[in-house]
Amino acid sequence: MHTSDIDYTAGDAILRGYLAFKDRGVKCPGVLVFHEGLGLGDFAMERARRLAEHGYVALAADMFGERRQAADLQQAMTLIGHLRSNPATLRARARAALATLTALPEVDATRCAAIGFCFGGTVVLELARDGADLKAVVSFHGVLSTTQPAAAGAVKASVLVLTGADDPLAPSDQVAAFENEMRAGKVADWQVISYGNTLHGFTNPTADGSIMKSALYDARADRRSWAAMQGLFDEVLV
């Protein structure tokens, strides 16, 4: 497997992603991986390598710049808040990652998707709302609200939301509002899967409630959500 850092820019931000793929001699589907609120670290990189094992070219993107890492929840909220309050900047950085991925010689630019965890789950939904040329986006325990709902017909991607039924960051009213947004936006293919008795951060084995009390790993939800993503990818990418 080939792994390497890859630098790219969005405006004046220098972004340092992480690339993983197996050299198969043909162009392969590409998948973006967007990190959690603490920044691009081991978890997103491991997921990129896992995708590479499945035959995808995976780029774990950097949304904060210079692979900045938050040391605690307060720093994370500051970094996330800057982008959430500037949706144009958030979407521009996400699009820069997509442009970097599709420009790679190993990637079939007509078959690309994006997945994201926590804050990254929010990012992939913003990419979809922005009309990015993606086959699919998958949000794992992401915040579903937005200040710029999808315009009718704008979303090109199949949309899969994987959420914990007890996640306080995606309460039932927010889920319902998201579903109504998908209907109003005339999104052709969207799904919401809610995992019972499951909190935020359920995919990350290091989520033990120490950084955020409501973030707790759930092995069953982790396994089921990854399988749901693979099923969608088998439909739209393979």
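Above this text is the structure in question.
Calculation criteria
Residues numbered from 1 in each chain as written. Predicted model: local features only at pLDDT ≥ 70, side-chain atom pairs only at ≥ 80, totals over all residues. Heavy atoms only, no water. Helix = DSSP H or I, 4+ residues; strand = E, 2+ residues; numbered from the N terminus. Buried < 20%, exposed > 50% of the residue type's maximum accessible area, 1.4 Å probe, protein only. Contact = heavy atoms within 4.5 Å. Areas by Shrake-Rupley, 256 points an atom, 1.4 Å probe, with all protein chains shown as cover. Lys, Arg positive; Asp, Glu negative; His and termini not counted. Charge placed at Lys NZ, Arg CZ, Asp CG, Glu CD. Phe/Tyr/Trp six-rings, centres within 6.5 Å; stacked < 30°, edge-to-face > 60°. Lys NZ or Arg CZ within 6 Å of the ring centre and 35° of its normal. Expected span 1.5 Å × (residues − 1). Arc of directions from axis to C-beta. Polar contact = N/O pair within 3.5 Å; in protein donor to acceptor, adjacent residues only side chain to side chain. Salt bridge = Lys/Arg side-chain N within 4 Å of Asp/Glu carboxyl O.

**Q** Any details on the overall build of the protein? Residues and values, ideally.
**A** A count of helical and extended segments in the protein gives 6 helices and 8 strands. Moving toward the C terminus, one meets the helices and strands of the protein in the order β-β-β-α-β-α-α-β-α-β-β-α-β-α. By its C-alpha atoms, the protein is 45 × 40 × 35 Å across when sized along the principal axes. The buried share of the protein, taken over its 238 residues, is 54%. The contacts in the protein between residues at least 6 apart in sequence include a share of 68% that link residues at least 24 apart. When the accessible surface of the protein is summed, it comes to about 10,200 Å², and 51% of that surface belongs to carbon and sulfur atoms. With 23 positive and 27 negative side-chain charges, the protein shows a spacing of 3 Å between the two charge centroids.

**Q** So what's going on with the packing of aromatic side chains? Residues and values would help.
**A** How two aromatic rings sit relative to each other is given by the distance of their centres and the angle of their planes. One pass over the full model with this rule turns up 6 aromatic pairs. One Lys or Arg, arginine 50, reaches over the ring of tryptophan 226 and ends 5.0 Å from the middle of that ring.

**Q** Break down helix 2 (residues 73-84) for me, citing the residues and quoting the values.
**A** Across its 12 residues, helix 2 extends 16 Å between first and last C-alpha, which sits within 8% of the 16 Å expected from 1.5 Å per residue. Residues of helix 2 that are buried include every one of Ala76, Leu79, Ile80 and Leu83, and no others. The arc enclosing the buried residues of helix 2, seen along the axis, measures out at 95°, which places them on a common side. Across from the buried face of helix 2, at angles greater than 90 degrees, the exposed residues are Gln74 and Thr78. Against helix 3 (87-102) and helix 4 (119-129) lie the buried residues of helix 2. The backbone nitrogen of glutamine 74 has a side-chain oxygen 3.2 Å away, supplied by the residue at the start of helix 2, namely aspartate 72.

**Q** So what about the pattern of salt bridges? Which residues, and what values?
**A** Under the criterion given, the structure shown has 12 salt bridges. Two residues, arginine 91 and aspartate 130, come together in a salt bridge whose shortest N-O distance is 3.4 Å. Placement of the pair is arginine 91 in helix 3 and aspartate 130 in the loop between helix 4 and strand 6 (136-140), with a sequence separation of 39 residues. Shared partners join several salt bridges into a network, and the residues in it are Arg91, Arg95, Glu126, Arg129, Asp130 and Glu181.

**Q** Go over the environment of leucine 101 with me, naming the residues and quoting the values.
**A** Among the structural elements, leucine 101 can be located in helix 3. Along the primary structure leucine 101 and leucine 59 are separated by 42 residues, whereas in three dimensions their C-alpha atoms are 6.6 Å apart. With sequence-adjacent residues up to four places away left out, leucine 101 is seen in contact with Gly30, Val31, Leu32, Val57, Leu59, Val107 and Cys112.

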